[in-house]
Amino acid sequence: MSHQLNRRTFLQASTLAAASSVFSGISFAEGAKDPYLGLKMGLQSYSLREFKVEEALEQTKMLGLKYWEAFPGHLPMGSVPKHIESQKELLTKGGVTLLSYGVLPFDGNETAARERFDFAKAMGIQSLSADPNPDKVTFDLLDKLVAEYDVAIAIHNHGPGHRYDKISDVEKVVKDRHPKIGACVDTGHFLRSDEDPVEAVQRLGKRVFGVHLKDVKSLPGGQKQFKIAGEGDLKVTELLKALKALKYQYCVAIEYEENAKNPLSDIEACLKHVRDCAAKVS
């Protein structure tokens, strides 16, 4: 048939239809208690990397979320006004507010860094999740740019062997730097590094400008396995308490990297666990 859907389109349509059925009950009545304690619960859009941006935005809406940290595959960088306008229209149509973006590399190249900050400022982004070179030239430049643009840099830890493996690695490079240079606390990667994500939030304090919420389970033999939130070692209730104590105003982004082609039910299970934990926080 000339109008027959190709297999990919059919599968995507089927996924959206199924998700709509599963998640149609996710709505929070006006005036009801915020199930996320007033925290800006959102999604790292990398969780939906197998889907085009329009589909990812629709799925985000199905999950009852309205905040994103976008990865560049969904929203390419660019500072040309027409590009910015089209990106904003896309997000507005999808009902999503873009709070953060990344993860982006930074070095001493000021031209390249300004392109990223220009994009962030034009899009209204609060923070850039970043992997900056840990040297004086890079951080002197970031000191200048966060002050000029009023956009925070959130250093992302990326697990064992990474240059920001431990909480102390981040503390060392942000010490005495501009107050808007801080951390994106990736809970899963800190667990992989045998670090406590709750302690990371407490120690880094007002320098926490991003959270990637994911869970990891320690297995026999020292192996670590990514899990649905609540099935691993992450202390979600304590994490929420720590963020509330900070009066944290940045994105708390669920990042689920497993089951990339069909992640919605797993992501909703993560969100349900967060809501259940939030209900325990006074």
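In what follows, the accompanying structure is described. Computed from a predicted structure; not experimentally measured.

### Digging into the overall build of the chain
- Each helix and strand in the chain was counted, giving ten helices and ten strands.
- Residue pairs in contact within the chain that sit at least 24 positions apart in sequence constitute 77% of those at least 6 positions apart.

### A word on unusual backbone geometry
- Along the chain, glycine 102 connects to valine 103 via a cis peptide bond; the corresponding omega equals 15°.
- We note that aspartate 176 has phi near 70°; this positive angle belongs to a residue other than glycine.
- Within the secondary structure, aspartate 176 is located in the loop between helix H6 (167–174) and strand S6 (181–186).
- Unusually for a residue other than glycine, aspartate 194 sits at a positive phi of about 60°.

### Let's talk about the packing of aromatic side chains
- Within the structure shown, the criterion is met by six aromatic pairs.
- Ring centres 5.3 Å apart and planes at 85° place the aromatic pair tyrosine 46 and phenylalanine 71 in the edge-to-face group. With tyrosine 46 in the loop between strand S1 (40–44) and helix H2 (53–62) and phenylalanine 71 in the loop between strand S2 (67–70) and helix H3 (81–94), the pair connects residues that are 25 residues apart, well separated along the chain.
- Relative accessible area serves as the criterion here: at 17%, phenylalanine 71 is assigned to the buried category.

### Some remarks on the pattern of salt bridges
- Under the defined criterion, the tally for this structure stands at 20 salt bridges.
- Among the salt bridges present, the one from aspartate 143 reaches arginine 177, with a minimum N-O distance of 2.7 Å. Of this pair, aspartate 143 sits in helix H5 (residues 136–149) while arginine 177 sits in the loop between H6 and S6; the two residues are 34 residues apart in sequence, bridging distant segments of the chain. Each member of the pair, aspartate 143 together with arginine 177, is buried.
- Measuring nitrogen to oxygen at the nearest pair gives 2.5 Å for the salt bridge that ties aspartate 186 to lysine 214. Note that aspartate 186 is positioned in strand S6 and lysine 214 in the loop between strand S7 (208–213) and strand S8 (215–218), a separation of 28 residues in sequence.
- Judged by its relative accessible area of 4%, lysine 214 falls in the buried class.
- It is possible to trace a salt-bridge network through shared partners that takes in Glu110, Arg114, Lys144 and Glu148.

### Points about the sheet that holds strand S5 (residues 152–156)
- The strand order S1-S2-S3-S4-S5-S6-S7-S10 describes a closed barrel built from eight strands, whose pairing is parallel. When strand polarity is set aside, the average angle formed by the axes of neighbouring strands in this sheet is 30°.
- Bridge count for strand S3 (residues 97–106) against strand S4 (residues 127–132) is six bridges, and the pairing is parallel. Within S4, the position partnered with tyrosine 101 by the bridge is leucine 128.
- The strands touched by H6 are S5 and S6; relative to S6, the strand with the most contacts, the crossing angle is about 165°.

### Points about the nonpolar core
- Judged by nonpolar contacts, the single largest core of 84 residues is most densely connected at Trp68, Phe117 and Leu128.
- No other element matches the seven residues that helix H10 (residues 264–278) contributes to this core.
- Once you skip the residues sitting within four places of it in the chain, leucine 128 turns out to touch Tyr101, Leu104, Phe106, Arg116, Phe117, Ala120, Val151, Ala152, Ile153 and Ala154.

### Thoughts on the layout of surface pockets
- Estimates place the volume of the second largest pocket at around 220 Å³.
- Around the second largest pocket, the lining is made up of 16 residues, and of these Gly102, Val103, His156, His158 and Glu255 lie nearest the centre.

### Here's the deal with helix H9 (residues 236–245)
- Taken together, the buried positions of H9 are Val236, Thr237, Leu239, Leu240, Ala242 and Leu243.
- Backbone geometry just downstream of H9 places lysine 247 in the positive-phi region, at approximately 55°.

What counts, and at which threshold
- Residues numbered from 1 in each chain as written.
- Predicted model: local features only at pLDDT ≥ 70, side-chain atom pairs only at ≥ 80, totals over all residues.
- Heavy atoms only, no water.
- Helix = DSSP H or I, 4+ residues; strand = E, 2+ residues; numbered from the N terminus.
- Contact = heavy atoms within 4.5 Å.
- Phe/Tyr/Trp six-rings, centres within 6.5 Å; stacked < 30°, edge-to-face > 60°.
- Buried < 20%, exposed > 50% of the residue type's maximum accessible area, 1.4 Å probe, protein only.
- Salt bridge = Lys/Arg side-chain N within 4 Å of Asp/Glu carboxyl O.
- Pairing = 2+ DSSP bridges.
- Axes fitted to C-alpha atoms, helices over the stretch in contact; angles between N-to-C directions.
- Core = buried A, V, L, I, M, F, W, Y, C linked by side-chain atoms within 4.5 Å.
- 1 Å grid on protein atoms, 1.4 Å probe; cavity = no way out; pocket = protein on both sides within 12 Å on 5 of 7 lines; lining within 4 Å.
- Points joined across faces, edges and corners; volume = space filled by probe spheres on them.

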